[in-house]
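Listed below are the residues making up each chain.
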Amino acid sequence: MGQTELTRQTESFPFSMLHLLTAVLGSIADPVNVISPDYEVIWANKTLLKHTALELDQIRGRRCHELYFGRNDVCDFCPVREVFASSKPCVKEKWIREPKGAGHWREVHAYPIHDESGKVVSAIRIGFDITDRKRRQSRRTRYIESLEKALRDATGGRSPRRGAGDDREGMSLTDRELEVLALMAEGLTNAEIARVLCLSPHTVKSHVVHIFNKLGVNDRTRAAVKAARLHLI
């Protein structure tokens, strides 16, 4: 696509899209670009340009899969392709390997841009770094597995049972009970929790009893397992 065609397509966006791209999307801290139906880059914000170490005029007209991933064909996971096929927004997660060997997780959102007739003329693609979230999820999964193993070992190999109401339980815990629960899951004793929260041991014990009752458990390990499942900790 030549520069004249790129300029024509960009300027033909509804609602002065060129101004919108620069004024609104240009301020987004995450990488943003606009892709044509031929997968050619029409526009990119400063964050994406910084990642590529190129100027906008240097990436305009280049196919995104060639520019960003060194591929000759469209990426298998490409959410933009699904936007052009369905005319609907699409979100996908992708592990991206950097040229120097490092990598990160990205949650890529793609949105259609329509002309006045309703035809999809391009797509906006925004990538959010979710590496930390993925790591937290992985740590939570390992934590639950280790707690369940400890519970199986303590109960002669029987797996902890999950009740039908698990997804609803825990919603009535107070803020203070959630604080106590988090510290309890870390292995702190009642006396240690009392010192951290500046409470009396008797008050902490009362909170623990209430937590057990609300979660339907009778020991600290089961409380920690259920709290992790419910994302309370």
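Residues numbered from 1 in each chain as written. Predicted model: local features only at pLDDT ≥ 70, side-chain atom pairs only at ≥ 80, totals over all residues. Heavy atoms only, no water.

Chemist: So what exactly am I meant to see when it comes to helix α10 (residues 201–215) here?
Modeler: Turn by turn, an α-helix covers 3.6 residues, leaving residues three or four places apart pointing in a common direction. For α10, spanning 15 residues, the distance from its first C-alpha to its last is 21 Å, which sits close to the expected 21 Å at 1.5 Å a residue. Every buried residue of α10 is accounted for by Val 204, His 207, Val 208, Ile 211, Phe 212 and Leu 215. The buried residues of α10 occupy one face: seen down the axis, they fall within an arc of 140 degrees. Facing away from the buried side of α10 by more than 90 degrees, the exposed set consists of His 202, Lys 205 and Asn 213. On the buried face of α10, the contacting elements are α8 (175–185), α9 (190–197) and α11 (220–229). (Helix = DSSP H or I, 4+ residues; strand = E, 2+ residues; numbered from the N terminus. Expected span 1.5 Å × (residues − 1). Buried < 20%, exposed > 50% of the residue type's maximum accessible area, 1.4 Å probe, protein only. Arc of directions from axis to C-beta. Contact = heavy atoms within 4.5 Å.)

Chemist: Looking at this structure, I do not really get the side chain of His 65. What am I missing?
Modeler: Mapped onto the elements, His 65 comes out in helix α5 (residues 64–69). Setting aside residues no more than four positions away along its own chain, His 65 makes contact with Tyr 39, Gly 70, Arg 71, Asn 72, Asp 73, Val 74 and Cys 75.

Chemist: Honestly, the environment of Asn 190 in this entry has me stumped. Any pointers?
Modeler: Along the polypeptide, Asn 190 turns up in helix α9. Residues Asn 190 and Ser 200 lie ten residues apart in sequence; the distance between their C-alpha atoms is 9.2 Å. Among all residues touching Asn 190, those that are not within four sequence positions of it are Val 204, Lys 205, Val 208 and Arg 220.

Chemist: Help me understand the pairing of strand β2 (residues 41–44), please; the structure alone is not making it clear to me.
Modeler: The side chains of a regular strand alternate between both faces of the sheet. Pairing of strand β1 (residues 32–35) with β2 involves three bridges; the strand directions are antiparallel. Residue pairing across strands places Ile 35 opposite Val 41, the latter belonging to β2. The hairpin formed by β1 and β2 contains five residues between the paired strands, and Tyr 39 there has a positive phi angle of roughly 65 degrees. (Pairing = 2+ DSSP bridges.)

Chemist: What exactly am I supposed to notice about α11 here?
Modeler: Listed in full, the buried residues belonging to α11 are Ala 223, Ala 224, Val 225, Lys 226, Ala 227 and Ala 228. The distance from a side-chain oxygen at the start of α11 to the backbone nitrogen of Thr 221 is 3.1 Å, and the residue carrying that oxygen is Asp 219. His 231 sits one or two positions beyond α11 and adopts a positive phi of about 60 degrees. (Polar contact = N/O pair within 3.5 Å; in protein donor to acceptor, adjacent residues only side chain to side chain.)

Chemist: Even after reading the chapter, I still don't get the nonpolar core, so can you show me in this structure?
Modeler: Generally speaking, soluble globular proteins have nonpolar side chains that are buried together. Tyr 39, Trp 43, Ile 59, Val 80 and Ile 124 are the most contacted members of the largest nonpolar core, which totals 29 residues. If you list the elements that add at least two residues to this core, you get β1, β2, α3 (46–52), α4 (56–59), α5, α6 (79–86), β4 (103–114) and β5 (120–129). Grouped together as the second largest cluster of nonpolar side chains are 18 residues, Leu 181, Ala 194, Val 204 and Leu 230 included. (Core = buried A, V, L, I, M, F, W, Y, C linked by side-chain atoms within 4.5 Å.)

Chemist: Whenever I open this one, unusual backbone geometry confuses me. Can you help?
Modeler: Trans peptide bonds make up the majority, and among non-glycine residues the majority have a negative phi. With a phi angle near 65 degrees, Tyr 39 is a residue other than glycine that sits in the positive phi range. With respect to the element layout, Tyr 39 can be found in the loop between β1 and β2. The backbone phi angle of Cys 198 is positive, close to 60 degrees, even though this residue is not glycine. As for its position among the elements, Cys 198 is in the loop between α9 and α10. A residue is classified by how much of its surface remains accessible, and Cys 198, at 70% relative accessible area, is exposed.

Chemist: Is there a simple way to explain the state of the cysteines in this structure?
Modeler: Where two cysteines share a covalent bond between their sulfur atoms, that bond is called a disulfide. In this structure the tally under the stated criterion is zero disulfides. No disulfide involves Cys 75; its sulfur sits 6.1 Å from that of Cys 78, the nearest cysteine. Residue classification places Cys 75 among the buried residues on the basis of a relative accessible area of 8%. (Disulfide = S-S within 2.5 Å.)

Chemist: Just to check I follow, could you spell out the pattern of salt bridges for this structure?
Modeler: Where charged atoms of side chains with opposite charge meet at close range, the side chains can pair. Scanning the entire structure with this criterion turns up nine salt bridges. The shortest N-O distance in the salt bridge between Arg 71 and Asp 73 comes to 3.1 Å. Look at Asp 73 and you get partly exposed, because its relative accessible area is 45%. Its salt-bridge partner being Glu 179, residue Arg 176 comes within 2.8 Å of it at the nearest N-O pair. Taken together, the residues span about one helical turn, with Arg 176 and Glu 179 both in helix α8 at a distance of three residues. Several salt bridges share partner residues, and in doing so they unite Arg 71, Asp 73 and Asp 76 into one network. (Salt bridge = Lys/Arg side-chain N within 4 Å of Asp/Glu carboxyl O.)

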